[in-house]
Structure formats: structure tokens, C-alpha cells
Amino acid sequence: MTPARAFAFALPALALMLTACGSEPEQTGNDADSFAARIGKGEATPGPGGIPVAQGTVAPTVAEPMPGAAPGPYAPGTLTDPAAKTCGAPLMGPFIGKLADQATRADIAKMLGRTDNLRFVAFGSTANVNPDPTNPRLSIMLDAQNIIRDARCG
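Only a predicted model underlies this, so the values are computations on that prediction, with no experimental measurement involved.

1. Focus on the overall build of the protein
Helix and strand counts for the protein stand at three helices and three strands. Seen in sequence order, the protein has helices and strands lined up from the N terminus as α-α-α-β-β-β. The long-range share in the protein, meaning contacts at least 24 apart out of those at least 6 apart in sequence, stands at 33%. About 11100 Å² of surface is accessible on the protein, with carbon and sulfur atoms providing 62% of the total.

Okay, structure coming up:
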């Protein structure tokens with residue numbers, strides 16, 4: 001290799017080394033503001049005294065009940081599930097919170113149009129109660145005071 005050719009290859013490497021000689025690594029502080037600037041790229045909005053202020057958020061929205069469902073948090077196979085119409089659970093919304101006396105039970109049977117595949121499950125009755133959302137039987141769940149608390153298929 002000729003000396004001129006060797007110099008041509010060495011010149012870019014020499015220029016790179018010379019530019020690196022004069023530079024020093026950036027000195028960053030170890031305080032909270034410096035740390036926030038490094039990780040958040042300055043996204044925090046400082047308030048009085050340099051303390052970051054929480055940004056507002058949008059409150060979550062709850063979807064409207066589907067047609068045929070009773071209002072309330074959705075649970076499969078219950079009165080809030082419109083697919084539970086096979087057992088009539090969505091029709092039981094007006095009875096939630098009422099005493100399950102004979103008059104209320106008669107009103108439920110009248111609204112359903114049937115008395116077969118209907119059961120009232122007393123508080124603490126866990127034997128043979130296996131919810132099945134696809135079953136056409138309607139189970140009316142009662143609390144310890146005989147108040148209707150839920151209606152579900154199965």
C-alpha cells in the first residue's frame with residue numbers, strides 16, 4: 001500500500017478522534033427535576049416549589065344496558081344479561097329488593113307466564129345450586145330476610 005493511500009484511510013479516523021478529544025460527557029444532576037427531565041422528557045408540569053402537579057384524567061364511562069337487560073353491572077346469566085331471556089331473568093328487575101312473600105311470588109309467576117322451571121333459592125342454600133346461564137330455569141336468589149337480591153338462569 002502506498003503512503004498516500006494509507007493516509008487517505010487514516011484521515012477520517014484521525015478526524016473522528018480529534019472531535020472526540022474536546023468533548024466531555026454531559027453532566028446531569030442527581031436531583032428530582034433532572035431525573036424527571038431524563039425519564040419524562042420534561043412532560044411533568046411543575047407546580048409551586050417545583051413539585052409536579054397531577055394531570056386531569058377522563059372519568060370512565062359505563063356502557064348503557066343492552067335492550068332487554070335490567071340496569072346494573074353486567075353479569076352473565078343474570079337479569080343484567082339480555083341473553084338470559086331464555087329463563088326470564090331480565091324481567092325480574094322490578095322485583096329486586098322486594099320481600100318474596102306469596103303476593104310477590106304470584107306476581108313473578110304471572111309475569112313469567114309459568115311456574116315450572118322457577119325456584120326461589122333461600123339464603124345459605126348452596127346444595128344443588130349450580131348456575132348455568134344456558135338453562136331455562138329461573139333461580140330467584142333471596143337474602144337472610146327473604147328479600148329478592150338476584151335473578152339468574154340455571
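2. Let's talk about the sheet that holds strand S1 (residues 118-121)
The mixed open sheet is built from three strands, whose spatial order is S1-S2-S3. Where the open sheet ends on each side, the last strands, each with one partner, are S1 and strand S3 (148-153). Neighbour-to-neighbour, the strand axes of the sheet open up by a mean angle of 20 degrees, direction not taken into account. With respect to the sheet, helix H3 (residues 102-112) is in contact with S1, strand S2 (138-142) and S3, its orientation differing from that of S1 by roughly 145 degrees.

3. Examining the confidence of the model for the protein
Per-residue confidence for the protein gives a mean pLDDT of 74; residues scoring 70 or more make up 55%. Within the protein, the lowest mean pLDDT, 59, falls on helix H1 (residues 3-21), and the highest, 93, falls on H3.

4. As for the nonpolar core
If you look at soluble globular proteins, the nonpolar side chains tend to sit buried side by side. Core analysis: the biggest nonpolar cluster contains 16 residues, and Ala 89, Met 92, Ile 108, Leu 138, Ile 140, Ile 148 and Ala 151 have the highest contact counts within it. Counting residues per element, the ones that place at least two in this core are H3, S2 and S3.

5. Focus on unusual backbone geometry
A positive phi angle, close to 55 degrees, is found at Asn 117, a residue other than glycine. With respect to the helices and strands, the residue Asn 117 is situated in the loop between H3 and S1. The residue Asn 146 is not glycine, and still its phi comes out positive at about 70 degrees. Structurally, the position occupied by Asn 146 is in the loop between S2 and S3.

6. As for the side chain of Arg 119
Secondary-structure assignment places Arg 119 in strand S1. Only 2.8 Å separates the side chain of Arg 119 from the side chain of Ser 139, close enough to count as a polar contact.

7. So, the packing of aromatic side chains
Across all of its chains, the model carries zero aromatic pairs by this definition. Against the face of Phe 120 rests Arg 105, its NZ or CZ located 4.1 Å from the ring centre.

8. Observations concerning the pairing of S2
Counting buried positions over the five residues of S2 gives five, a clear majority of the element. Burial along S2 is two-sided: Leu 138, Ile 140 and Leu 142 facing one way and Ser 139 and Met 141 facing the other are all buried. The pairing of S2 with S3 spans five bridges and is classified as antiparallel. Each residue of the ladder has a partner; that of Met 141, found in S3, is Asp 150. Hairpin connection of S2 to S3: five residues between the antiparallel strands, including Asn 146 at a positive phi of 70 degrees.

9. Examining H3
Among all positions of H3, only Thr 104, Ile 108, Ala 109 and Leu 112 are buried. The arc that holds every buried residue of H3, seen down its axis, measures 140 degrees, which confines them to one face. For H3, exposure combined with an orientation more than 90 degrees from the buried face picks out Gln 102 and Lys 110. Check the buried side of H3 and you find it contacts S1, S2 and S3. Backbone geometry just downstream of H3 places Gly 113 in the positive-phi region, at approximately 80 degrees.

The rules behind these values
Residue numbers run consecutively from 1 along every chain, following the written order of its sequence. The predicted origin of the model limits local features to residues at a pLDDT of at least 70 and limits the giving and counting of side-chain atom pairs to 80 or more, whereas totals for whole chains, interfaces and linings rest on all residues. Only hydrogens and water are set aside when side-chain values are computed; all heavy atoms of the structure are taken into account. Strands here mean DSSP runs of E at least two residues long; helices mean DSSP runs of H or I at least four residues long; both are numbered from the N terminus. Two residues qualify as a contact provided that any one of their heavy atoms is within 4.5 Å of a heavy atom in the partner residue. Residue exposure ignores everything except the shown protein chains as possible cover, and the areas themselves are Shrake-Rupley values with a 1.4 Å probe. Two strands qualify as a pair provided that DSSP identifies no fewer than 2 bridges between them. Axes, fitted as lines to C-alpha atoms, cover a helix only where it is in contact. Angles between the N-to-C directions of the axes lie from 0 to 180 degrees. Within a predicted model, pLDDT stands for the predictor's per-residue confidence, ranging from 0 to 100. As used here, the term nonpolar core means buried Ala, Val, Leu, Ile, Met, Phe, Trp, Tyr and Cys residues forming a set that is joined through side-chain atoms within 4.5 Å. For every residue, the accessible area obtained with a 1.4 Å probe (protein chains only) is divided by the maximum for its type, and the residue is called buried under 20%, exposed over 50%, and partly exposed between those limits. In the analysis that follows, any N or O atom pair within 3.5 Å is treated as a polar contact, provided that within protein one partner can donate a hydrogen and the other can accept it, and provided that, for residues neighboring in sequence, both atoms belong to side chains. Working definition: a ring pair exists when centres of Phe, Tyr or Trp rings (six-membered ring for Trp) sit within 6.5 Å. Plane angles under 30 degrees give stacked, over 60 give edge-to-face, the rest tilted. Definition used: whenever NZ (Lys) or CZ (Arg) falls within 6 Å of the ring centre and also within 35 degrees of the ring normal, the charge is taken to sit over that ring. To be clear, the arc concerns the directions from the helix axis to the C-beta atoms.

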